[in-house]
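Structure assessment
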Amino acid sequence: MSNIPEVIDLTNCDREPIHLPGQIQPHGVLLTLQEPELIVLQASQNTASWLGIEAEQLLGQTLDVLFDPAQIADLKTRLANHHLSLFNPVEIRVRSPATDPRSTHYQLFDAILHRSQGILILELEPHQLIANRSTSGGFLGFYPLLQQAICGLREAKDITHLTQVIVQEIRRLTGFDRVMVYRFETDHSGVVIAEEKQANLEAYLGLHYPASDIPVQARQLYYENWLRLIPDVHYQPANLIPIHHPITQQPLDLSPAVLRSVSPLHVEYLQNMGVAASMSISLITEKRLWGLISCHHHTPKYVDYETRKACEFLGQIASVELVHQQDRTARRYREQVRSIQEQFRQSFTYEPDFIEHVLQQNQARLLDLVQAQGAAIVLGAQLTLVGQTPAEAEVQMLINELLDQTRQDVFCTDSLSQLDPTAKAFKDRASGMLAISIFLNQKTYHILWFRPEQIQVVHWAGDPRKPVSVTADGEMRLSPRRSFELWKETVEEKSLPWQPLEQEAAQEMRNILMLAALEFSQAAMEQAAERATIANRAKSQFLAKMSHELRTPLNAILGFTQIMSRDRSLLPEYQEHLGIISRSGEHLLALINDVLEMSKIEAGQPTLNNTYFDLHRLAYSIQDLFLLKAADKQLQLNVEQYPDLPQYVYGDEGKLRQILINLVANAIKFTATGHVTLRVKPESELAGSTLGNADLASGLVKSPPADPQTSDIPFFAQFEVEDTGFGIPLQEQESIFEAFMQTDQGRHLQGTGLGLSISRQFARLMGGDVTVESQLGQGSIFRCYVQLARATNLDFISIAVAQRVIGLAPGQPDYRILIVEDIPENQQLLMKLLEMVGFTVRAAANGLEAIACWEEWQPHLILMDIQMPDMDGYEATRQIRDKERRRMQSVPIQSVPI
C-alpha cells in the first residue's frame with residue numbers, strides 16, 4: 001500500500017480545446033456548406049479516398065458536383081426543418097467525378113446533418129463500413145432486442161441490478177470485448193460499478209479513476225452528446241481544409257460532429273490501456289452527467305448508425321430508470337426522516353428550556369436523522385453533548401472558528417483536519433461534521449453532528465498521479481499514465497461523506513428549530529405588540545368617530561348647497577358664491593378623508609381611486625378656490641393650460657386635487673407680492689423640463705400603463721406651481737418633503753408641515769413625484785408629475801358626465817324609500833334630494849321607528865344610518881331580516897355613512 005503525495009497542479013488537460021480539433025476521424029467525410037446554395041466552404045482532407053475528388057477541388061462548388069438533382073432537392077426540403085436530427089441518417093448516392101458521367105456506379109453513404117454556430121455540417125459515412133450490420137431488418141430487427149433490454153431495465157430492483165442489466169444488453173447489441181458502467185463521484189473522479197467482459201480479460205470492477213482522466217471539457221461534451229465512437233484509436237486524422245471557417249475566420253466547433261477527431265492525450269490514454277476501439281454512451285440524470293456506459297474492444301471495431309442509435313436509446317431509458325431508482329431510494333429515506341422530524345415538531349412547545357429538553361430526550365432520533373455517531377446541541381450559552389463527540393472546549397473551538405466565522409445555515413465537511421489541523425486530535429470521534437445554525441439577534445442556536453474517521457483503501461486503476469513531461473518550448477505537460485495495474489491508496493482523516501439527502505434532512509431540521517425559536521421570540525414580543533395594538537385600535541376608533549362627527553354636518557351643508565344651486569331663479573353672482581361654498585366644502589371633506597388616508601400611508605396601505613374626470617375643470621376649480629385669498633394679498637393667480645392638454649382623463653382626481661391645493665396654498669402663503677401661476681402640460685411638453693428621457697431611463701418615474709379595462713392612452717401630466725415668494729434655501733429643499741418639517745420662514749406662519757409630505761407620497765403612488773426648484777428672494781417652482789390616461793372610451797366619459805344629472809325617466813313606477821337617520825338636518829336633506837328626483841320618501845329617527853314604518857308602509861328601499869339612539873342600524877337590520885324570513889320577502893337595505 002502507498003499514500004499519494006501532494007498532486008502537482010497542472011491543468012493543460014482541462015485547457016485543451018477538444019471541441020476545436022480542426023480534424024476528423026478518417027472513416028468518413030465532413031463538409032461545411034453555405035446555405036441555401038449548399039456551396040462547399042470546408043472539406044476534410046480525405047475526400048479523394050471516399051469521393052474521388054480532392055478537397056481543394058470541392059471548395060467553392062455546390063453539391064451538384066456530387067449528388068443528383070433529386071437528392072439535392074430532398075436535402076433542401078429536410079433543411080427547412082429546424083430539427084435536423086429527426087431525419088438522420090439520410091441515405092445518399094455519390095457519383096465520383098473521376099468516373100465517366102454516364103456511369104451508373106455510385107457509392108452509398110449515410111449522411112448526417114447538423115448545424116453548429118449557424119453553420120451547416122454534412123458528415124458522410126460510407127456503406128462499405130456497415131456491410132456487416134449488427135442486426136438486419138432496420139427498426140423491426142432491433143425491436144425484439146430493445147424490448148427485452150427495456151423490460152430488464154424496468155424490472156431492476158436497485159441501481160446495482162440496473163447497471164448490470166445495462167452492460168449485459170449493450171454488449172449483446174454491440175459485441176464489444178468489455179462494457180462497463182462508470183459512475184462520477186462528487187469530486188468528478190470515477191469508479192466502475194458494473195462490468196460485462198470476455199472471460200480472459202482482467203476485471204476493472206471497483207477500480208477508481210482520477211478526475212483528470214476525464215477533464216471538465218470532456219465531461220461537458222459527454223453531457224451535450226449522448227454517444228461517442230472511436231472505431232480505431234490508431235487512425236491518422238484528416239485535417240479540415242481550410243482549417244478556419246471562411247465566414248467566421250474561427251476554428252470550427254465540432255462538438256456535435258460524429259467524426260470529430262479525438263484529443264491526442266485521450267488516444268494515448270486508450271493505447272496505453274491496450275484499447276483499439278471504444279464507444280461511450282452518456283447517462284444523464286437531473287440535468288447532470290451521472291456516468292458513462294464505456295465500451296472497449298482490443299481490435300478496430302466500427303458500429304453502424306442504427307446500432308449506435310439503439311444503444312443511445314437504451315442509454316436514455318437507463319438514465320430515466322436511474323432517476324426512478326434514486327427517487328425510490330430518496331423517498332424511503334425521506335419517509336424515515338419525516339417520521340423523526342414530525343415527532344420533534346409535535347414535541348416542541350416553543351420554550352427555550354423545553355427545546356433543549358426535547359432534544360435531550362430524543363438523542364437516538366437526533367443521531368438517526370443524519371446517520372451520525374455524535375451530536376452537540378448549542379442553545380445560546382447552553383451546550384449539551386450526545387454520543388461520541390469532541391470535548392466541550394473542542395466543540396466550542398469549532399463553533400468559534402468555523403460556524404461563527406462562516407455564518408452558514410448548513411455547514412458540511414468530511415475532513416475537519418483539512419480546515420483546521422488541530423482537529424486531528426479528535427479525528428477518532430469527529431473527522432466529519434454536519435452543522436445547522438440559526439442567528440437571531442444576539443442569540444445563536446447550533447446543532448452539530450459528528451462522524452468518526454473512516455480509514456479506506458481505494459483501488460485505483462494505476463497510479464492516479466499523471467507523469468509530467470517537458471515540451472520543446474519548456475512547458476510542463478501532463479501525460480497519460482502507462483500502467484493500469486492495481487494501485488492502492490489508504491485514505492485517512494476523513495469520515496464517510498454526508499449525502500445530499502442527509503444534508504437536506506439537516507436543513508429541514510433547521511427549519512423546525514427556526515420555527516421554535518421564532519415562536520419563542522414571538523411570545524416575547526407579543527406583550528409589547530399587544531400594548532401597541534390597543535393604542536392603535538384606540539387611534540383608529542378616534543379617527544373613525546371624528547371623521548363621522550365632522551362629515552355629518554358637512555354633508556348637510558354640501559347637500560343643501562347643491563339643492564340651492566338647482567334654483568335657476570338665483571342671480572349668477574349668488575350661483576357663483578354657492579359654487580365656491582360647494583368647492584370649499586368639498587375641499588374640507590377631502591381634508592377629513594385625508595386624515596384617514598394619512599393613517600393608511602403610515603400603515604403602508606394607500607390606494608388609488610381612479611375615475612374619469614375633466615382635467616380642464618379641475619385646474620380652473622383650483623383657481624376659483626383660491627381667487628379671493630390671492631386677491632386679499634393683492635396677488636395675481638393665473639392658470640395656464642397648454643393647447644393639446646386632454647380634457648377628459650382617467651386617474652385619481654381626489655389625490656391630484658389634494659396635491660394641487662397643497663402646492664397652490666403654500667405658494668400663496670409664502671408670496672408677499674407678484675403672482676402665483678399654475679401650469680398644466682401634457683407629455684409632449686416634458687422634453688424641456690427637468691423630467692425628460694434621462695429621468696425615464698434612470699427609473700425616476702415609470703412609463704404609465706394603460707388602464708387594463710379600457711382602451712385609454714397613458715401619458716404623463718406635469719403641473720407647475722410658480723411663485724415670486726421668499727424662496728427656499730438649498731439645504732432645506734429636500735427636508736421640506738419630510739413630515740412636520742418646515743422652513744424657517746414657514747415656522748412663523750400657520751400650518752402643520754404635512755402638506756408637502758402627503759403630496760409627494762400621493763404623487764409617487766400615482767407613478768410620479770414632486771420636486772422643487774428655488775432661489776432665495778426670487779421664488780420657487782414646484783413640479784408635480786403624475787401618470788394619467790387620455791380618455792378615449794366615450795361610454796365611460798358619458799357615464800362620468802351623466803353622473804352629474806340625476807333623475808327618473810318618464811313612466812317609472814312609484815318607488816317608496818325609507819330614510820332612517822337620527823339627525824333632522826340629514827333627514828331633511830335626503831328627503832329633498834330624493835323627492836326632487838321623483839321618489840316617495842318617509843323618514844324614521846331610530847331603529848324602532850324604522851321597524852314600525854317598514855311593517856306599515858313596505859318600502860322598496862331602506863337607507864339605514866348605523867349610529868343611532870335607542871336601536872342602532874345593525875340591530876334594526878337584523879330584526880327586519882328575521883321578520884322577512886318568516887314572510888318570504890326581502891327589501892334592499894343600504895347603509896348610509898352620513
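Residues numbered from 1 in each chain as written. Predicted model: local features only at pLDDT ≥ 70, side-chain atom pairs only at ≥ 80, totals over all residues. Heavy atoms only, no water.

**Comments concerning the pairing of strand β31 (residues 840-844)**
Working note: regular strand, side chains alternate between the two faces of the sheet. Stated precisely, the cut-off is as follows: DSSP bridges decide pairing: two strands pair if at least two such bridges lie between them. Put simply, DSSP marks the helices as runs of H or I at least four residues long and the strands as runs of E at least two long, and each gets a number from the N terminus on. If the strands point away from the viewer and the path from the first strand over the helix to the second runs clockwise, then the crossover is right-handed.
Direction of pairing for strand β30 (residues 816-820) relative to β31: parallel, over a ladder of 5 bridges. Across the sheet, Ile-819 pairs through a bridge with Ala-843, a residue of β31. Following the chain from β30 across helix α21 (residues 824-837) to the adjacent parallel β31, one finds a crossover that is right-handed.

**Quick look at unusual backbone geometry**
Put simply, Glu-35 and Pro-36 share a cis peptide bond, and its omega is 0°. Look at the link from Ile-241 to Pro-242: it is a cis peptide, with omega at -10°. Not every positive phi belongs to a glycine, and Gln-371 is a case in point at roughly 55°. Along the polypeptide, Gln-371 turns up in the loop between α11 (363-368) and β14 (374-379). Backbone geometry places Gln-858, a non-glycine residue, at a positive phi of 50°.

**Observations regarding the packing of helix α16 (residues 615-632) against helix α17 (residues 653-669)**
Formally: Every axis corresponds to a line fitted to the C-alpha atoms, with the helix fit spanning only the stretch in contact, and the corresponding angles, defined between N-to-C directions, vary from 0 to 180 degrees. Orientation categories follow fixed angle ranges, with anything under 35 degrees roughly parallel, anything over 145 roughly antiparallel, 65 to 115 roughly perpendicular, and all other angles oblique. For any helix crossing, the convention is left-handed if the near helix is rotated counterclockwise from the far helix by under a right angle, and right-handed if that rotation is clockwise. Note on contacts: a residue pair is in contact if any heavy atoms of the two residues lie within 4.5 Å. Under the convention adopted here, Pro, Cys and the residues Ala, Val, Leu, Ile, Met, Phe, Trp and Tyr are nonpolar, Asp, Glu, Lys and Arg are charged, and Gly plus all remaining residues are polar.
Interaxial distance between α16 and α17 falls to 10 Å at its minimum, and their mutual angle equals 30°. Put simply, α16 runs roughly parallel to α17. Judged by the sense of rotation from one axis to the other, the crossing of α16 with α17 is right-handed. Taking contact as the criterion, the partners of Leu-615, Leu-618, Ser-621, Ile-622, Leu-625, Phe-626, Lys-629 and Ala-630 in α16 are, on α17, Glu-653, Leu-656, Arg-657, Leu-660, Ile-661, Val-664, Ala-665 and Ile-668. Taken together, the residues that form the contact of α16 with α17 break down as 12 nonpolar, 1 polar and 3 charged.

**Some remarks on the sheet that holds β30**
With parallel pairing, 4 strands are arranged side by side in an open sheet as β31-β30-β32-β33. What marks the edges here is a single partner per strand, and that holds for β31 and β33 (893-895). Across this sheet, the average inter-strand angle for adjacent strands is 20°, counted without regard to direction.

**Focus on helix α23 (residues 873-887)**
Our working definition: Expected span, for any helix, means 1.5 Å times one less than how many residues it has. Here a polar contact is recorded for every N or O atom pair within 3.5 Å, except that within protein the pair must consist of a potential hydrogen donor and a potential acceptor, and residues adjacent in sequence are included only if both atoms are side-chain atoms.
Between its terminal C-alpha atoms α23 stretches 21 Å, which fits the 21 Å expected from 15 residues at 1.5 Å a residue. Buried-residue contacts for α23 involve α22 (847-857), β32 (861-864) and β33. At the N-terminal end of α23, a side-chain oxygen is found 3.2 Å from the backbone nitrogen of Tyr-874, two or three residues along, and the residue is Asp-872. At the C-terminal side of α23, Met-888 shows a positive phi close to 55°.

**Description of the side chain of His-297**
Test applied: Only protein chains enter the accessibility calculation, which uses a 1.4 Å probe. A residue is then buried if its area is under 20% of the maximum for its type, exposed if over 50%, and partly exposed in between.
With respect to the helices, strands and loops of the structure, His-297 is situated in strand β13 (residues 288-297). In this structure His-297 comes out as buried when scored by relative accessible area, which is 11%. A distance of 3.0 Å separates a polar side-chain atom of His-297 from the backbone nitrogen of Asp-177. Residues in contact with His-297, not counting those within four places in the same chain, are Gly-175, Phe-176, Asp-177, Val-275, Ala-276 and Ala-277.

**Things to note about the sheet that holds strand β2 (residues 29-34)**
Spatial ordering of the open sheet is given by β1-β11-β3-β2-β6-β5-β4, a layout of 7 strands whose pairing is antiparallel. Here the strands that pair on one side only, and so sit at the sheet edges, are β1 (23-24) and β4 (90-94). Here β2 runs beside strand β6 (residues 119-126); their pairing, made up of 5 bridges, is antiparallel. Looking at β6, one finds that Thr-32 is bridged to Ile-121. Across the sheet, helix α4 (residues 69-79) is in contact with β4, β5 (107-116) and β6; its angle to β4 comes to roughly 150°.

**So, the pattern of salt bridges**
In plain terms, the rule: We define a salt bridge as a side-chain nitrogen of Lys or Arg found within 4 Å of a carboxyl oxygen belonging to Asp or Glu.
A full pass over the atoms with the stated rule returns 30 salt bridges. Residue Arg-679 is joined to Glu-722 by a salt bridge in which the shortest nitrogen-to-oxygen separation is 2.5 Å. With Arg-679 in strand β26 (residues 675-681) and Glu-722 in strand β27 (residues 713-723), this residue pair connects regions lying 43 residues apart in the sequence. Comparing Arg-679 with Glu-722 shows no difference in burial state: the two are buried.

**Topic: the nonpolar core**
Applicable threshold: To qualify as a nonpolar core, a set must consist of buried Ala, Val, Leu, Ile, Met, Phe, Trp, Tyr and Cys residues joined through side-chain atoms within 4.5 Å.
Within the largest apolar cluster, 43 residues are counted, with the highest numbers of intra-cluster contacts made by Leu-615, Phe-626, Leu-656, Phe-719, Phe-782 and Val-786. For this core, the secondary structure elements donating two or more residues are α16, β24 (636-641), α17, β26, β27, α19 (755-765), β28 (769-775) and β29 (779-790). Ranked by residues supplied to this core, first place goes to α17 with 9 residues. Once you skip the residues sitting within four places of it in the chain, Val-786 turns out to touch Leu-656, Phe-715, Phe-716, Ala-717, Phe-719, Ala-763, Met-766 and Gly-768. By size, the runner-up hydrophobic cluster in this structure holds 30 residues, among which are Ala-149, Leu-173, Val-179 and Ala-194.

**Topic: the environment of Gln-61**
For Gln-61, the location among the structural elements is in the loop between α3 (55-58) and α4. Measuring from C-alpha to C-alpha, the distance between Gln-61 and Leu-33 comes to 9.7 Å, with 28 residues separating the pair along the chain. Among residues more than four places away in sequence, those in contact with Gln-61 are Leu-38, Ile-39 and Val-40.

**Focus: the confidence of the model for the chain**
Defined as follows: pLDDT: the predictor's confidence for each residue, scored from 0 to 100.
The share of residues in the chain with pLDDT of 70 or more is 75%, and the mean pLDDT across the chain is 78. Here residues 747-752 is a poorly scored stretch, pLDDT under 50, and it has 8 contacts once near neighbours within four places are set aside; other chains count. Within the model, the stretch residues 795-805 combines pLDDT values under 50 with 9 contacts to residues more than four positions away or in other chains.

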